[in-house]
Amino acid sequence: MGQKYEQLSLEERCAITRYSQTGKTIRQIAAAMDRAPSTIAREIKRNSGAQVGYLPAYAEQQAKGRRWRGSRLLRQPELQALVLDRLAHGWSPAQVAGRLKRGNRRTVISHESIYRFIDAQIRRTKDYRWRHYLPRGKSKRGWRGRKGGSSVDHIEGRVAIDQRPAYINKRRQAGHWEADLMLFAKYGQAVLVTHERRSRLLLLARQPNKAAEPVARKLTDLFGSLPKTLRRTVTFDNGTEFAYHQRLHRLSMRTFFCDPHAPWQKGGIENAIGRMRRGLPRKTDLATLPEQRLRSLVRSYNHTPRKCLDFKTPAEVFLQKLLHFKCDSTLPLARERRTLLRLKPAPDPIGGRGVSPSTEGDTKN
């Protein structure tokens, strides 16, 4: 077996400086530190500055600089191209790293390495377009707090979320939903979003406005088309658009509301809306948005692997676990299974255009 060498630590470099200042020779320094004289000689020669001489901090920096070989994504162009392609499709660094690990049965690259690579490119090139590869599109890492909150309204028959059965928090049973509205810069434009808590499946529907009547109708139509096992509870925030929530009681669904100013209590749909905002920013004009584009964004979300699902996709979990379908691939889905998760345009009860889920597969189960 060959010899094992250990790099000098910062403390040892400080010791070399102290011994040198007292006038000790290289061999005396090596004996005091229990190191080879050649190690001390090479350290002083390689890590001394022409003007500053040998200083511990400078020597440490010089040694680390020689060991750094650059980011792995810079050294492996093929891996870089694969990672950037997945990021461009809206995947997060954690999803890219997790899917690669799942497919190769080993860690290929960590999500932290991807974040550091993007951050380094922004700082090095000053090209802030690199930030668009990241989920939130931030040019600087770290949390940025936000001010403000939603208003609290008194809703008839409102049941607080703390009365919701505790087992629902474990996400082991299907049929528990969260609902919210996505609003846009142009007044009156809104999209109704529903999110199944176990599979993380997402369904969207255009709304003519944020009034309670059309929202209640759309929710009744949507949940009424699902099997009973997939409609158990739904959780809202305290917006007036959900004032007619009691209509869902006719479908044997129980309704719950978050505490005031606590949207994080329905964090699943808040996360989903944040992901959808990548393709549907607030400035989007829904009047000019093609229906095919909206359906494409929903399919992309439902077919993106999630860390919380062991890097399976919501479509895979919904098909395999909840409806017991065999799903071989989700990118794209097999043709005979696409109808189950396809979102197709349907006439809105009040005369607009909407998006409702196809339930052809539900009647068979």
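Bear in mind the structure is a predicted one, so any value in this text is a computation, not a measurement. Residue numbers restart at each chain and count upward from 1, following the sequence in its written direction. Residue-level local features of this predicted model are given only where pLDDT is at least 70; pairs of side-chain atoms are given and counted only at 80 or more, and the full residue set underlies all totals for whole chains, interfaces and linings. Here the side-chain values reflect all heavy atoms present in the structure, with hydrogen atoms and water set aside.

1. Some thoughts on the pattern of salt bridges
What makes a salt bridge here is a side-chain nitrogen of Lys or Arg within 4 Å of a carboxyl oxygen of Asp or Glu, nothing more. This model, assessed by the stated rule, comprises 19 salt bridges. With its nearest N and O atoms 3.0 Å apart, the salt bridge here joins Arg129 to Asp127. The classification of residues rests on relative accessible area computed with a 1.4 Å probe and restricted to protein chains. Under 20% of the type maximum is buried, over 50% is exposed, and intermediate values are partly exposed. Look at Arg129 and you get exposed, because its relative accessible area is 62%. Residue Asp127 is classed as partly exposed on the basis of its relative accessible area, which comes to 22%. Through salt bridges with shared partners, a single network forms among Arg13, Glu43, Glu60 and Lys64.

2. So, the packing of helix 7 (residues 93–104) against helix 8 (residues 111–125)
Orientation is described by lines fitted to C-alpha atoms, with helices fitted over the stretch in contact, and by angles between N-to-C directions that extend from 0 to 180 degrees. Labels follow the DSSP assignment, with helices taken as runs of H or I lasting at least four residues and strands as runs of E lasting at least two, numbered in each case from the N terminus. The N-to-C vectors of helix 7 and helix 8 enclose an angle of 135°; their axes lie 8 Å apart at closest approach. Put simply, helix 7 runs oblique to helix 8. Judged by the sense of rotation from one axis to the other, the crossing of helix 7 with helix 8 is right-handed. Residues Pro93, Ala94, Val96 and Ala97 of helix 7 touch helix 8, and the partners they reach there are His111, Ile114 and Tyr115. When grouped by side-chain class, the residues that make up the contact of helix 7 with helix 8 number 6 nonpolar, 1 polar and no charged. Each angle gets one of four labels, with under 35 degrees taken as roughly parallel, over 145 as roughly antiparallel, 65 to 115 as roughly perpendicular, and the rest as oblique. Note on convention: near helix rotated counterclockwise from far helix by under a right angle means a left-handed crossing. Clockwise means right-handed. By the convention used here, residues are in contact when the closest approach between their heavy atoms is within 4.5 Å. When residue character is reported, Ala, Val, Leu, Ile, Met, Phe, Trp, Tyr, Cys and Pro are called nonpolar, Asp, Glu, Lys and Arg charged, and the others, Gly included, polar.

3. As for the nonpolar core
In terms of nonpolar packing, the biggest core is built from 24 residues, with Leu219, Phe223, Val234, Phe236 and Leu248 touching the most fellow members. Of the residues forming this core, the biggest block, 4 residues, is contributed by helix 9 (residues 212–224). The residues touching Leu219, leaving out its near neighbours within four places in the chain, are Ala179, Leu192, Thr194, Gly224, Phe236, Phe242 and Leu248. Within the second largest apolar cluster, 17 residues are counted, among which are Val193, Leu202, Val298 and Tyr301. The nonpolar core is taken to be a set of buried Ala, Val, Leu, Ile, Met, Phe, Trp, Tyr and Cys residues, with the residues joined through side-chain atoms within 4.5 Å.

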